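Residue-level listing of the chains:
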Protein chains: 2
Amino acid sequence: MSKKYVYLFTEGKGLGKELLGGKGANLAEMTSLGMPVPQGFVVSTEACAKYTKDGKKISSDVEKQIFEGIKDLETQYGKKFGCANDPLLVSVRSGSRASMPGMMDTILNLGLNEKSVEGLAKKTDNPRFAYDSYRRFIQMFSDVVMEQKKEVYDKILKNYKDAQGYKLDTDMTADDWKQIVKTFKENYKQNQGSDFPEDPKIQLLEATKAVFRSWDNERANIYRLDHGIPYEWGTAVNIQVMVFGNKGNTSGTGVAFTRDPSTGERKLYGEYLMNAQGEDVVAGIRTPNKIEELEKQNPAIYKQFCDTVYKLEKHYKDMQDTEFTIEDGKLYMLQTRSGKRTAKAAVKIAVDLVNEKMIDIKTALCMIDPKQLDALLHPTFIEKDLKACKPCGYGLPASPGAACGTIVFSAKRAAKLKEADPKAQLILVRHETSPEDIAGMKASQGILTATGGMTSHAAVVARGMGTCCVCGCTQISEIDEEKGIVVINGKSYKEGDWLSLDGTAGNIYEGKLPTEIPGEITGDFATIMEWADKHRALKIRTNADTPNDTKQAIIFGAEGIGLCRTEHMFFDHILAMREMIVSKTLEQRQVALAKLLPIQRDDFKGIFTSLKGMPATVRLLDPPLHEFVPHTDEDIQILANEMGLDFAELKKTIESLHEFNPMMGHRGCRLSVTYPEIAAMQTRAIIEAAIEVSKETGVNVTPEIMIPLIGEIKELKFVKDIVVATADSIIKESGSKIKYMVGTMIEIPRAALLADEIASEAEFFSFGTNDLTQMTYGFSRDDAGKFLEDYIDKKIFEADPFTTLDQKGVGQLITMSVEKGRAARKNLKIGVCGEHGGDPASIMFFHKAGLEYVSCSPFRVPIARLSAAQANIKFPRKK
Amino acid sequence: MSKKYVYLFTEGKGLGKELLGGKGANLAEMTSLGMPVPQGFVVSTEACAKYTKDGKKISSDVEKQIFEGIKDLETQYGKKFGCANDPLLVSVRSGSRASMPGMMDTILNLGLNEKSVEGLAKKTDNPRFAYDSYRRFIQMFSDVVMEQKKEVYDKILKNYKDAQGYKLDTDMTADDWKQIVKTFKENYKQNQGSDFPEDPKIQLLEATKAVFRSWDNERANIYRLDHGIPYEWGTAVNIQVMVFGNKGNTSGTGVAFTRDPSTGERKLYGEYLMNAQGEDVVAGIRTPNKIEELEKQNPAIYKQFCDTVYKLEKHYKDMQDTEFTIEDGKLYMLQTRSGKRTAKAAVKIAVDLVNEKMIDIKTALCMIDPKQLDALLHPTFIEKDLKACKPCGYGLPASPGAACGTIVFSAKRAAKLKEADPKAQLILVRHETSPEDIAGMKASQGILTATGGMTSHAAVVARGMGTCCVCGCTQISEIDEEKGIVVINGKSYKEGDWLSLDGTAGNIYEGKLPTEIPGEITGDFATIMEWADKHRALKIRTNADTPNDTKQAIIFGAEGIGLCRTEHMFFDHILAMREMIVSKTLEQRQVALAKLLPIQRDDFKGIFTSLKGMPATVRLLDPPLHEFVPHTDEDIQILANEMGLDFAELKKTIESLHEFNPMMGHRGCRLSVTYPEIAAMQTRAIIEAAIEVSKETGVNVTPEIMIPLIGEIKELKFVKDIVVATADSIIKESGSKIKYMVGTMIEIPRAALLADEIASEAEFFSFGTNDLTQMTYGFSRDDAGKFLEDYIDKKIFEADPFTTLDQKGVGQLITMSVEKGRAARKNLKIGVCGEHGGDPASIMFFHKAGLEYVSCSPFRVPIARLSAAQANIKFPRKK
């Protein structure tokens, strides 16, 4: 017996979405609940996989099972496929495991041809209906199967109506539709070079193939990437007996949610149209009625519908998004699924369902997509304004939120404009940002870059600041800072022009769109967060470099700092930093370091004070030194004057800092090996700040000093010795009793491979997953944008590994490090501070890998709290 | 009982060099053989480790054992340490596990003070001898223990002799020496601020500490690095009763080898001086006699000495380097060890010892240092000329051999000069070379760069070409191409000045030193190679990109090509390549590729023909495209003219290729993902060449097509599909039956981690250890030079991981890949083609890891053959 690829709705109960797709599984479920579902069958996702594997062909056994399904429907309904008397008509719809609304294609009224349309007309005594159905079928078939734009047919229809003086489709008579059918078919032949297929079997097979194919269309691919749906899943095809909402005034069709998907309020929310098929509701040709009006129009049907959908809500224990059709006064359910909802609604519904005792807290926590919470933390555009306008371009959604401002092309200029007018709203447009742009980035509402990925400098810094950012906008063909011009999608914008950025979607809009700012964490959101905290095992820390960031993160629920990047502090005091870098002798360098010491100490004091005793991991200087030095002659001259140096000599020194691959160059602990005095100064600043804050506030500060970029145990030992010697002597002198820890980042593959050795010297590990991903893949995150797009287009990658952790490769190193590290040091503290610390899928992995905490940017803390709870609910950690 | 740290020579037999050091172990051995050895004891290497661990202090138990040793010697010899009548005098010498001739320090005549010198004078009835010994002791003690340059004392002595009108030391009387001792001690006090120590116990402890300390001196550290001797080993200290060659004319001292260390000829080879102590022979104050003359002077002693040293040679089964002293007509052996020898001698001695049936072939193979063979393949300077002149600078010994030429600062100019005068001898001096310098590098005898490490572009290419190269010369403070000036160690050289480079040692000399060119592989060298081939399990392939390189490598014994870099071919046809790169459309690119196709095909034909059926692994295009594009406006203009493009637009295109970290950028298989047509063209060239050569020569060519930089199975599959589709269609069309393989490099950590998946698509693996080392450490090989020096100075690294494979980290990934790869595909072919393929220690690892072959540059093939034999002798592989 050959494998089963086709399942009747009556056979499908409990077989699951993986096999039947969401729509098919729910239709089978509704059938088993005795609800009024037009019967049909599902061609399974396995058939889709087979289709792809067989070189995009439907194999004979699948074909055979499809027509057995048809035969079964013929028997059930006493109709015949392609019959001239009483034809069986079906719809063909896609349905994948995950809901992908509107992403794939649907064909209705399949089975109509020259003969059966007449049969339908006779049988229903409604030729107008029959030909209306036929023309719809031709149009959908042409569009979906033959890829002929449906607009062509819309235009034919419009021209016809105009010629006849008709305004509405309801003005059309049977003969009008007949004429339209004729014109449509002529058009089809002209375009396709062959007649519109008469054989319903061919129609069905072609339609099935088209649905399989639609899994790979551009819309679907983009949606899949956005939602992390694997290409392998494939889609099922649902073939279902037609019911008709367009049979006359006692027929109709509609969609409804059991709760308001925008607010979450518990009330039926939807629309319907009488004498119409499904797409009429969506297409907006006629204005649909609110669902409430159905109660007046047909109270019995309304009650039956309400009973059904709330039964479904109770059955599925979630807000339902349903489709229905009324045929000749009889209700049919065409679909039910968990409804998409806004973040606000998601939170309210989850809390309400718990209060209504429909679900427990764990289920509530698991039903919210953590990523959605972003929308509750950043200013956003108003939904309806967005709908009204088209983006003028798009890039990567690098840092969420909405921002409007006038274009400015240099960070310096942005800072200057902001100083002149503190209320100035600015959008900084750059090829890519660099650390010296920080001040200008802070001065801007939004940042738009032409290159760079989700973890480019602009993206990381913007997320850290909570500033909206769209990066890697490949549609920018030119940025001319001198002329003050940026060209997006061929259109030129100049300094001072208004742009609006949607950092959540990655869209760019012309002009100034209004925004709304959601409040802080209160109400239902706060309830969810409280519940999440009770259920998670992972601690959530934040990546923060300033007291302000720290305070913000604590408001969002952070339990400490997982990564304090000390270099960010230096950009505010860049001259002293530069002096330190270009020093030629130890003495010169120490003079410059002495200037930096009090600044760093004060910064740490501010941070430690904000933390009120929560832990803080402080990373020693990490980036290559040349990132800090001036690159223009003008800036070099300023530094030369400041230091009393010769311009030419200074320029030479700066040039000597150039590296071919700075990411793998003289940075991280390698700086401390060459210049131990830098590590000593930083340790002094940290320890002195800790002692002072402990004294002043009476709260014990226990800094965790983190040495970055370790690849070798002796390297760690070398730097650690400097840290310990410095710290211990300061503590001894001060008479204080503060404690501190020394640990390392695991971000070099070799450190992961030798984690047992490393753990013998490190008191804690923190995974730097950005660098670890870079090195494990050999990808420069600053350059990968250029080819990652091709990788995703060509389905080599399903996600950007800088956004979602690569569990197979990078994850293997992490698991290895955890095992080896804990074997060597039982109480080794392990966390993660890379960008992945705020990504839900990655957090799930970190939870399973047994980490103690994740650390992420302040605005991702709530997402991490919820994700950690979901992880622990799905994979409970032993206490 | 406390641990034993001190061993009498009579106790030491068989305890080994690890514990006693080489010198100590051999003294114990000679003692046990009944040879005339002045007795003494060894303070073990464990004591040295304890000294380091204890914070550079000699612990009380070690001290106690030392003086117990002294007591034992006092008993044996009936003398007393520090005694005013018949004092026990000792020498204190270092002796580490590996022979480090002259690298560490020695003190003779220890035990002398104001009293005991008188005792010695009386006892020997030779006050001249006693005070001569005393002044020597003071001088050595000051030098070795107190770090006061011995030249100061030499000068005092010279001034004294001049004042007295003496020419030779033998002119000095007892009173003269007494006066010198007085002056020396005054000088000591003046310099050290304290009297010269009178207490022999203090003298001995200080001297012992000084020897321990000398393990860490600059000379020793450099030698250790050069010879890969671990710092941890430490040195033993040998304390031995003095015998005196300076007692008068029946006393003397000398050194002798059992065979000529330069040629290997079997004859006693050495020098001696009567009435002298050891350092006189070395210092060259008096001209020593040839050892043969001793036969005339004292035939009995000569015979006794000959018998002894040839007994030792037989005992140790190797050529011995011995030291002896004659005291009052009695022979004493002070040292024996395996003698250092030239490459030529090493090979001859090994073969001779087998012929003399003293050793078997395996032993012969293991006694030659494979690295030495280099000297037999490259031109070299003449030893005695080298000794006569001082280097004017040094860098890394990047590519061995000797080269003289006039300085030239640009590759273009080098090529031009060579074209004008094919006999021109040139030294190309650059900051660093780049691929576009290839022609100029080919035109030069030697290459000198200011930056870049052992695997920088210059180094790799030079080694590949067999061209002498010194790179990373940090003593170059300036290179001004425009002015035509390079400044080395503060001295300026201009274009046209002669320089001589010693690529084997890394030295730079002013002027033109004569060179000698050794022949090809013949005679004893050929015998050794033949033996090696019989004993090795690893196959040896070569990295070659041209028919010439290939032929050279085959002469040296290569069994195929392990890495043919296709990009090198493009530099000879750079315009077409550039055209391909800057193409904006697929069509443009295909036009350019069509120009490149016949060129590549011809190149491959040449290589396949040279190989006569031996296998060839051809790597698809690997480097970032921007390496190929012009960077000067002039060159951009030429390309613009050639392609009929606008200069400004072309310049923009080229700038858009810039990458922040090109090593981790758009290169390797990533190019084929973006531009599948490049992989298709290269496959076509390879397969068509293979078909044509198979037809023309009747020898089957089976190309191995290698896809570089793979990190993900789908990426490999994507490129493999292009290769297979192209290859199969060409083969089918041609009607040929040739076979080919498709494999990948393992050079990205992720590929190693997922080697099982990768092996499901790859028919072979080749480890690209250069990139694998870069990514595993996160080190850019082009930039690491800047900090690796600090790492080595600070003992964080003991070797450059780009030269000798890091077995713990990178090696772990290799072992993992081999296991996972073979588990997934049983007959997976595995080799290595990184620079490490020619490094003996790394070859040992690759053998143990179970690889099938190593591939290295042509001039390293003989080294690899011998290394592979040694590996299989030490760790025999199951057949």
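The model shown is predicted, which means the values in this text are computed figures rather than measured ones.

Draft legend 1. Up close: the relation of the copies chain A and chain B. Superposing chain A onto chain B takes a rotation of 180° combined with a translation of 0.0 Å along the rotation axis, leaving an RMSD of 0.1 Å. Such a combination of turn and shift is consistent with a two-fold rotation axis. Rotation axis and chain A: the residue whose C-alpha lies nearest the axis is Asn661(A), separated from it by 2.1 Å.

Draft legend 2. A look at the environment of Val470(A). Residues and elements named next belong to chain A. By the secondary structure assignment, Val470 is in strand β19 (residues 468-471). Assessed through its relative accessible area of 0%, Val470 is described here as buried. Residues Val470 and Ala640 lie 170 residues apart in sequence; the distance between their C-alpha atoms is 37 Å. With residues up to four places along the chain from it excluded, the contact list for Val470 reads Gly395, Leu396, Ile447, Leu448, Thr449, Leu501, Asp502, Gly503, Gly506, Asn507 and Ile508.

Draft legend 3. Geometry of the pairing of strand β23 (residues 498-502) of chain A. All names here are of chain A. Counting buried positions along β23 gives four out of five residues, so the element sits mostly inside the fold. Pairing of strand β16 (residues 402-408) with β23 involves five bridges; the strand directions are antiparallel. Of the residues in β23, the one forming a bridge with Gly405 is Leu499. Where β23 and strand β24 (residues 507-510) come together, four bridges link them in antiparallel fashion. Each residue of the ladder has a partner; that of Leu499, found in β24, is Glu510. Connecting β23 to the next strand, β24, in antiparallel fashion are four residues, including Gly506 with a positive phi near 90°.

Draft legend 4. Fine view of the sheet that holds strand β22 (residues 491-494) of chain B. Residue and element names in this part refer to chain B. The strand order across the open sheet built from three strands is β20-β21-β22, with neighbouring strands paired in antiparallel fashion. Edge strands, defined here as strands with exactly one partner in the open sheet, are β20 (476-480) and β22. Recorded for the sheet is a direction-independent mean angle of 15° between the axes of neighbouring strands. As paired elements, β20 and strand β21 (residues 485-488) share four bridges and run antiparallel to each other. Along β21, the bridge assignment pairs Asp480 with Ile485.

Draft legend 5. Seen up close, the state of the cysteines. Residue and element names in this part refer to chain A. Under the counting rule described, the total for this entry stands at zero disulfides over all chains. For the unlinked cysteine Cys366, the closest cysteine sulfur is that of Cys856, found at 19 Å. With a relative accessible area of 27%, Cys366 lands in the partly exposed category.

Draft legend 6. Geometry of the nonpolar core. Ranked by internal contacts, the top residues of the largest apolar core, which has 311 residues, are Ile528(A), Phe608(A), Ile528(B) and Phe608(B). Excluding anything up to four places from it in sequence, Ile528(B) contacts Val347(B), Ala350(B), Val351(B), Leu365(B), Ile368(B) and Leu866(B). Listed in part, the 59 residues of the second largest apolar core include Ile70(B), Leu89(B), Tyr188(B) and Val211(B).

Draft legend 7. Broad picture of the sheet that holds strand β2 (residues 40-43) of chain B. Residues and elements named next belong to chain B. Within the open sheet, the five strands sit side by side as β1-β2-β7-β5-β6. Their pairing is antiparallel. Each of the sheet's edge strands pairs with one partner strand only, and the pair in question is β1 (6-8) and β6 (106-110). Ignoring which end each strand starts from, the neighbouring axes of this sheet average 20° apart. Pairing of strand β5 (residues 90-96) with strand β7 (residues 235-241), which is carried by seven bridges, proceeds in the antiparallel orientation. Across the sheet, Val90 pairs through a bridge with Val241, a residue of β7. In the packing of helix α3 (residues 60-77) onto the sheet, contacts are made with β1, β2, β5 and β7, and the angle to β2 comes to roughly 170°.

Draft legend 8. How the structure looks around the packing of aromatic side chains. Overall, the coordinates contain 40 aromatic pairs over all chains when judged by the stated rule. Here Phe137(B) and Phe196(B) contribute two aromatic rings whose centre-to-centre distance is 5.6 Å and whose plane-to-plane angle is 85°, an arrangement assigned as edge-to-face. Pair noted here: Phe137(B) is in helix α5 (residues 127-144) and Phe196(B) is in the loop between α7 (174-192) and α8 (200-214), with a separation of 59 residues, a long-range link. Take Phe196(B): its relative accessible area is 4%, and that puts it in the buried class. Joined through ring pairs, the aromatic side chains of Tyr777(A), Phe779(A), Phe787(A), Tyr791(A) and Phe797(A) make up one cluster. Across from the ring centre of Tyr853(A), 4.1 Å away, lies the NZ or CZ of Arg541(A), which sits over that ring. Directly above the ring of Phe67(B) sits Lys201(B), whose terminal nitrogen or CZ lies 5.0 Å from the centroid.

Analysis parameters
- Residues numbered from 1 in each chain as written.
- Chains lettered and ligands numbered in written order.
- Predicted model: local features only at pLDDT ≥ 70, side-chain atom pairs only at ≥ 80, totals over all residues.
- Heavy atoms only, no water.
- Least-squares fit on C-alpha atoms with pLDDT ≥ 70 in both.
- Helix = DSSP H or I, 4+ residues; strand = E, 2+ residues; numbered from the N terminus.
- Buried < 20%, exposed > 50% of the residue type's maximum accessible area, 1.4 Å probe, protein only.
- Contact = heavy atoms within 4.5 Å.
- Pairing = 2+ DSSP bridges.
- Axes fitted to C-alpha atoms, helices over the stretch in contact; angles between N-to-C directions.
- Disulfide = S-S within 2.5 Å.
- Core = buried A, V, L, I, M, F, W, Y, C linked by side-chain atoms within 4.5 Å.
- Phe/Tyr/Trp six-rings, centres within 6.5 Å; stacked < 30°, edge-to-face > 60°.
- Lys NZ or Arg CZ within 6 Å of the ring centre and 35° of its normal.

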